[in-house]
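Survey of secondary and tertiary structure
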Amino acid sequence: MRSTRALLAALLLLGTGACSTLGQGADDRGTDDPGAGSSGPAGASKDVVLVTHDSFELPKKLVTQFETDTGYHLVVRASGDAGALTSKLVLTKDSPTGDVAFGVDNTFAGRAVQAGVFAPYDVSLPAGAERYLLSGDGADTLAPVDTGDVCVNVDTAWFAEHALPPPTGLDDLVDPRYRDLFVTPGAPTSSPGFAFLLATIAAEGDGWQDYWTALMANGAKLTQGWEDAYFVDFTGGGGKSATRPIVVSYDSSPAYTVDKKTGTSSTSALLDTCTRQVEYAGVLAGADNVPGAQALIEFLLGADVQAALPRSMYVYPVRDGVVLPADWAKFAVRPTSTLDVAPDEIESNRDQWLTEWTDLTSR
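Residues numbered from 1 in each chain as written. Predicted model: local features only at pLDDT ≥ 70, side-chain atom pairs only at ≥ 80, totals over all residues. Heavy atoms only, no water.

Broken down by element type, the protein carries 12 helices and 10 strands. Excluding contacts between residues fewer than 6 apart, the proportion of contacts in the protein whose partners are at least 24 apart in sequence is 75%. (Helix = DSSP H or I, 4+ residues; strand = E, 2+ residues; numbered from the N terminus. Contact = heavy atoms within 4.5 Å.)

Okay, here's the thing in structure tokens:
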């Protein structure tokens, strides 16, 4: 899911009083801490090493709270986006580079589970989290921490100015009225881009290739990553030369395009186009500090961290009863149903789907 979400939050919340966060740069992450290897609780290692994606960010006061309450020192090792993170975890599974991993999502979980990356955890899930557990294999090794939905977003202000009704669903994206107006990150190079591909597969079934053929014929633009799609090409993202008012982003994105003067958002998410993403945390098989890893997962599932997730990592908590920020409650509307593909089906077909997608979009 995710350097994408943290980047959007950081850029659009700049100057609005967001909490300071851990992990603003590689030098802040403490991987060379001189106390590494010293004793902690019950003679265990003082360090608990978290392997995660590049956008892991939490308020420093919460990290301090974790270290004070547990006696462990948190060491964060960033490993790219969700796809790169998963690949590195699989490649190092026989000699893990940390104790716990966070950021493997449901689109990549099957690969990590099949490779034996994670060990069963001994952590009680808070109310509400159970609904996000993986089905079948992996349910006892990956604890759901946060969730969100990749959806098509539209620049409603642009459509009002051009007297054109905005699209309402996937079918509209192949309508000639919206020719050359849609941009999406590529499926092989972007987590939200791959999620959008999955949404079209869930919606179109065996006809997804025909849909993509029609989508490309209608002038869809592909970018390397979400940042280019949203901040360069999307008219609602602030790009000076932007020409496309339809983009793949998140259901929470409209909460960050709110005009302070009018109190209204200039964008909206098309809730019939969304696919669900869930991010998980798990104890790495062969971890040096299993108690510290389990303590960290409990911390991520605790009420304080769950309440901080919308602002710090631009995602929804899995814990019931967490009060969302006021702008989220109003503008970050969630879909009542999503276009989802089961993790085991994703894992069985990923390479074939990406090969077919590349062939279709390269014509």
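Anyway, onward from the coordinates.
Now for the side chain of Thr273. Here Thr273 shows up in strand E9 (residues 267–284). Here the side chain of Thr273 touches Val152 through a polar contact of 2.9 Å, landing on its backbone nitrogen. The contact partners of Thr273, leaving out residues within four places of it in the chain, are Val150, Cys151, Val152, Gly169, Leu170, Ala199 and Leu339. (Polar contact = N/O pair within 3.5 Å; in protein donor to acceptor, adjacent residues only side chain to side chain.)

Together, Asp137, Asp140, Asp344 and Glu345 give the surface a local cluster of negative charge. By the secondary structure assignment, Asp137 is in the loop between strand E4 (118–119) and strand E5 (143–155). (Patch = residues over 30% accessible without salt bridge, like charges linked within 9 Å, V, L, I, M, F, W, Y side chains within 5 Å. Areas by Shrake-Rupley, 256 points an atom, 1.4 Å probe, with all protein chains shown as cover. Salt bridge = Lys/Arg side-chain N within 4 Å of Asp/Glu carboxyl O. Lys, Arg positive; Asp, Glu negative; His and termini not counted. Charge placed at Lys NZ, Arg CZ, Asp CG, Glu CD.)

The residue Ala163 is not glycine, and still its phi comes out positive at about 50 degrees. Phi at Asp180 takes a positive value of approximately 65 degrees, unusual for a residue other than glycine. Within the fold, Asp180 resides in the loop between helix H5 (156–161) and strand E6 (182–185). What makes Asp180 partly exposed here is its relative accessible area of 39%. (Buried < 20%, exposed > 50% of the residue type's maximum accessible area, 1.4 Å probe, protein only.)

Applying the stated criterion to the full structure yields 17 aromatic pairs. Judged by centre distance (5.0 Å) and plane angle (80 degrees), the ring pair of Trp158 and Phe159 falls under edge-to-face. Each of the two residues, Trp158 as well as Phe159, counts as buried. Between Tyr256 and Tyr314, the ring centres sit 4.6 Å apart and the planes meet at 55 degrees, which makes this aromatic pair tilted. Placement of the pair is Tyr256 in the loop between strand E8 (246–250) and E9 and Tyr314 in the loop between helix H10 (303–313) and strand E10 (316–317), with a sequence separation of 58 residues. In textbook terms, an aromatic cluster arises when at least three aromatic residues are bridged by ring pairs, as seen for Trp226, Tyr230, Phe231, Phe234 and Tyr250. (Phe/Tyr/Trp six-rings, centres within 6.5 Å; stacked < 30°, edge-to-face > 60°.)

Right, let's talk about the packing of helix H7 (residues 208–217) against helix H12 (residues 343–361) for a bit. Describing two packed helices takes the angle between their axes plus the distance from one axis to the other. Contact pair H7 / H12: the axes reach a minimum separation of 9 Å and the direction vectors enclose 30 degrees. With respect to H12, the element H7 is oriented roughly parallel. For the crossing formed where H7 meets H12, the hand is right-handed. In this structure, H7 contributes Trp208, Gln209, Trp212, Thr213 and Met216 to the contact, and H12 contributes Trp353, Glu356, Trp357, Leu360 and Thr361. (Axes fitted to C-alpha atoms, helices over the stretch in contact; angles between N-to-C directions. Parallel < 35°, antiparallel > 145°, perpendicular 65-115°, else oblique. Left-handed = near helix turned anticlockwise from the far one by under 90°.)

What follows concerns the environment of Arg311. Within the fold, Arg311 resides in helix H10. A C-alpha to C-alpha distance of 9.4 Å links Arg311 and Leu324, two positions 13 residues apart in sequence. Polar contacts involving the side chain of Arg311 include one to the side chain of Asp327, which spans 3.2 Å.

On to the environment of Gly186. Looking at the element boundaries, Gly186 is found in the loop between E6 and helix H6 (191–204). Residue Gly186 is classed as buried on the basis of its relative accessible area of 4%. When neighbours within four sequence positions are excluded, Gly186 is seen to be in contact with Gly193, Phe194, Thr223, Gln224 and Trp357.

Moving on, we get to the pattern of salt bridges. Applying the stated criterion across every chain yields a total of 9 salt bridges. Where Asp149 meets Arg276, a salt bridge forms, and the shortest distance between an N and an O atom there is 2.3 Å. With a gap of 127 residues between them, Asp149 in strand E5 and Arg276 in strand E9 connect regions that are remote in the sequence. Note that Asp175 is salt-bridged to Arg177, the shortest N-O span being 3.4 Å. Overlapping salt bridges bring together Asp149, Asp251, Arg276 and Arg334 as one network.

Glancing now at the pairing of E8. Residues in a regular strand point their side chains to alternate faces of the sheet. The element E8 is largely enclosed, with a buried count of 5 among its 5 residues. Pairing of E5 with E8 involves 5 bridges; the strand directions are antiparallel. Counterpart to Val150 in the pairing with E8 is Tyr250. (Pairing = 2+ DSSP bridges.)

Further remarks concern the confidence of the model for the protein. In the predicted model, the protein carries a mean pLDDT of 88, and 88% of its residues have values of at least 70. Ranking the elements of the protein by mean pLDDT puts helix H1 (residues 3–12) last, at 49, and H7 first, at 98. Predicted confidence for residues 10–38 stays below pLDDT 50, and this span has 48 contacts to residues more than four positions away or in other chains. (pLDDT = per-residue confidence, 0-100.)

Every buried residue of H7 is accounted for by Trp208, Tyr211, Trp212 and Leu215. Axial view of H7: buried residues confined to an arc of 95 degrees, hence all on one face. Buried-residue contacts for H7 involve E6, H6, strand E7 (221–223) and H12. Just beyond H7, the residue with positive phi is Gly219, at close to 90 degrees. (Arc of directions from axis to C-beta.)

We now examine the nonpolar core. Core analysis: the biggest nonpolar cluster contains 52 residues, and Leu58, Leu89, Phe118 and Leu300 have the highest contact counts within it. Ranked by residue count, the leading element in this core is helix H9 (residues 290–301), at 7 residues. In contact with Leu300, not counting residues within four places along its chain, are Phe56, Leu58, Phe102, Val145, Ala281, Val305 and Gln306. With 42 residues, the next largest nonpolar core counts Tyr178, Phe196, Tyr211 and Ala229 among its residues. (Core = buried A, V, L, I, M, F, W, Y, C linked by side-chain atoms within 4.5 Å.)

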